[in-house]
Amino acid sequence: MRRSLALGIAVFLAAATARGQITIVPTYDAFISANPIIVNTLNTAIAQYTTTFTTATPVTIRLSFQNTSSGLGGSSTSGIGVSYSAFRSALLSHATSADDLTMLSFLPVQSGSPVNGSTTVGMSIANARVLGFVGNSAATDSTISLNLGLMNWDRTSIDPNKYDLKAVAQHEIDEALGTLSGVGGSVPWNADHSRFASAGVFSFSTSTSATAYFSVNGGVTNLVNYNQRLGNSGDYGDFMISGHVQDWAGTPGTTPNLNVELRILDVVGFTFVPVPEPGAAALVGLALLSAAGWRTIRRRV
């Protein structure tokens, strides 16, 4: 019984101390700053990431948001390249979920990426920071452009002919954090190591007839199909239209929420905030009451 109590307390405290280690600092242009509804929606969108993920060491990610009159949404994201061996080692050291460990089993210890043999792997600056390749900086990691005239600014008053601001913003934030693909170039990016054509076969082709889907178990299970036809617009890291935030094109009047996108961010190096075991909070309370009988409990204010 004592062992179970100690474990429950440890899990609860780990969850409590892990929160807040990823900080996303947004900068808004004059148009956005002047509209509290937009600011609130963007802050809500950002908060979902900072409450969902954590890191081993504090990480600050800086995103700049601006209104635009073209397209629907877009992002300009900085990236770096690292050796495949360093990339794999970093993923291994940050592996905390079942998906992480399963995916790593399909990434062999060798000099070149199994995707196409490249000795270099690309990733966004934000992703590189989470994996420990770069330190925190005052520079902007990604500039996100939003055509706010085409969007519903909140989910209270929905114009069926407009797109959901929260979903469009999170689509671009996902890319800034680490869901981008290197398809079309010679260097695979982090997320391409969970991009498959079939079981055991990675997909890194620009052919419009090629198959590409997200899988964490070596291509055995297709979790969502990627956009393989850039004639559709969008990016290779986008999904085929399937009701997800990361679809290559949004659907007017709908309000999609993050789903499989979070699993992609998990396997590229982000760590889910631990969930307390059932009753853990109550166990902590009981432990404190018991301890109070024989020692003083000191609190740091």
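Residues numbered from 1 in each chain as written. Predicted model: local features only at pLDDT ≥ 70, side-chain atom pairs only at ≥ 80, totals over all residues. Heavy atoms only, no water.

1. Re the pattern of salt bridges
Oppositely charged side chains may form a pair once their charged atoms are brought near each other.
Then, number 1: Counting across every chain of the model gives three salt bridges.
Then, number 2: For Arg 155, the salt bridge goes to Asp 164, with nearest N and O atoms at 2.7 Å.
Then, number 3: Since its relative accessible area comes to 30%, Arg 155 is described here as partly exposed.
Then, number 4: Asp 164 sits in the buried class, given a relative accessible area of 6%. (Salt bridge = Lys/Arg side-chain N within 4 Å of Asp/Glu carboxyl O. Buried < 20%, exposed > 50% of the residue type's maximum accessible area, 1.4 Å probe, protein only.)

2. Some points on the packing of aromatic side chains
Then, number 1: Following the criterion strictly, the structure yields seven aromatic pairs and no others.
Then, number 2: Arranged with centres 5.1 Å apart and planes meeting at 20°, the rings of Phe 53 and Phe 272 form a pair that is stacked. Remark: Phe 272 occurs in strand E14 (residues 271-272) and Phe 53 occurs in strand E2 (residues 53-54); sequence separation between them is 219 residues.
Then, number 3: Over the face of the ring belonging to Tyr 226 we find Arg 195, whose NZ or CZ atom lies 4.5 Å from the ring centre. (Phe/Tyr/Trp six-rings, centres within 6.5 Å; stacked < 30°, edge-to-face > 60°. Helix = DSSP H or I, 4+ residues; strand = E, 2+ residues; numbered from the N terminus. Lys NZ or Arg CZ within 6 Å of the ring centre and 35° of its normal.)

3. Focus: the sheet that holds strand E12 (residues 213-214)
The pairing of strands in a sheet comes from backbone hydrogen bonds and takes either a parallel or an antiparallel form.
Then, number 1: A sheet is described by the order of its strands in space; here four strands give the open sequence E11-E10-E12-E13, paired in antiparallel fashion. For this open sheet the edge positions go to strand E11 (201-202) and strand E13 (224-225), each flanked by a neighbour on one side alone.
Then, number 2: When E12 meets E13, the two strands line up antiparallel, connected through two bridges. Counted as the bridge partner of Tyr 213 is Asn 225 from E13. (Pairing = 2+ DSSP bridges.)

4. Things to note about empty space enclosed by the protein
Then, number 1: Counted according to the given criterion, the structure contains one cavity of 30 Å³ or more.
Then, number 2: In this structure, the largest cavity occupies an estimated 40 Å³ of space.
Then, number 3: Lining of the largest cavity is provided by Leu 91, His 94, Ala 95, Asp 100, Met 103, Leu 104, Asp 266, Val 267 and Gly 269.
Then, number 4: Here the lining of the largest cavity gets three residues from one element, more than from any other, and that element is helix H5 (residues 98-104).
Then, number 5: For the lining of the largest cavity, the class distribution of residues is five nonpolar, two polar and two charged. (1 Å grid on protein atoms, 1.4 Å probe; cavity = no way out; pocket = protein on both sides within 12 Å on 5 of 7 lines; lining within 4 Å. Points joined across faces, edges and corners; volume = space filled by probe spheres on them. Nonpolar A, V, L, I, M, F, W, Y, C, P; charged D, E, K, R; others polar.)

5. Let's talk about the layout of surface pockets
If a probe the size of a water molecule is rolled over the atoms, the empty space left behind becomes visible.
Then, number 1: Roughly 460 Å³ of internal volume is contained in the largest pocket.
Then, number 2: Along its surface, the largest pocket is lined by 24 residues, and Leu 72, Asp 247, Trp 248, Ala 249 and Gly 250 are the ones closest to its centre.
Then, number 3: Breaking the lining of the largest pocket down by element, the ones donating at least two residues are strand E9 (163-164) and helix H7 (165-179).
Then, number 4: When residues in the lining of the largest pocket are grouped by element, the largest group, five residues, is from H7.
Then, number 5: Residues that form the lining of the largest pocket fall into these classes: eight nonpolar, 10 polar and six charged.

6. Things to note about the environment of Val 134
Then, number 1: Mapped onto the secondary structure, Val 134 falls in the loop between helix H6 (125-130) and strand E7 (142-146).
Then, number 2: Between the C-alpha atom of Val 134 and that of Ile 80, which follows or precedes it by 54 residues, the distance is 9.4 Å.
Then, number 3: Setting aside anything within four residues of it in sequence, one finds Val 134 in contact with Ile 80, Ile 125, Ala 128 and Arg 129. (Contact = heavy atoms within 4.5 Å.)

7. Overview of the confidence of the model for the protein
The predicted coordinates of low-pLDDT regions are not to be read in fine detail.
Then, number 1: Looking at the protein, the pLDDT average stands at 87 and 84% of residues meet or exceed 70.
Then, number 2: Across residues 1-19, where pLDDT falls below 50, the model places 22 contacts with residues more than four positions away in sequence or in other chains.
Then, number 3: Contacts of residues 280-301 to residues separated by more than four positions or lying in other chains number 12 contacts, the stretch itself having pLDDT below 50. (pLDDT = per-residue confidence, 0-100.)

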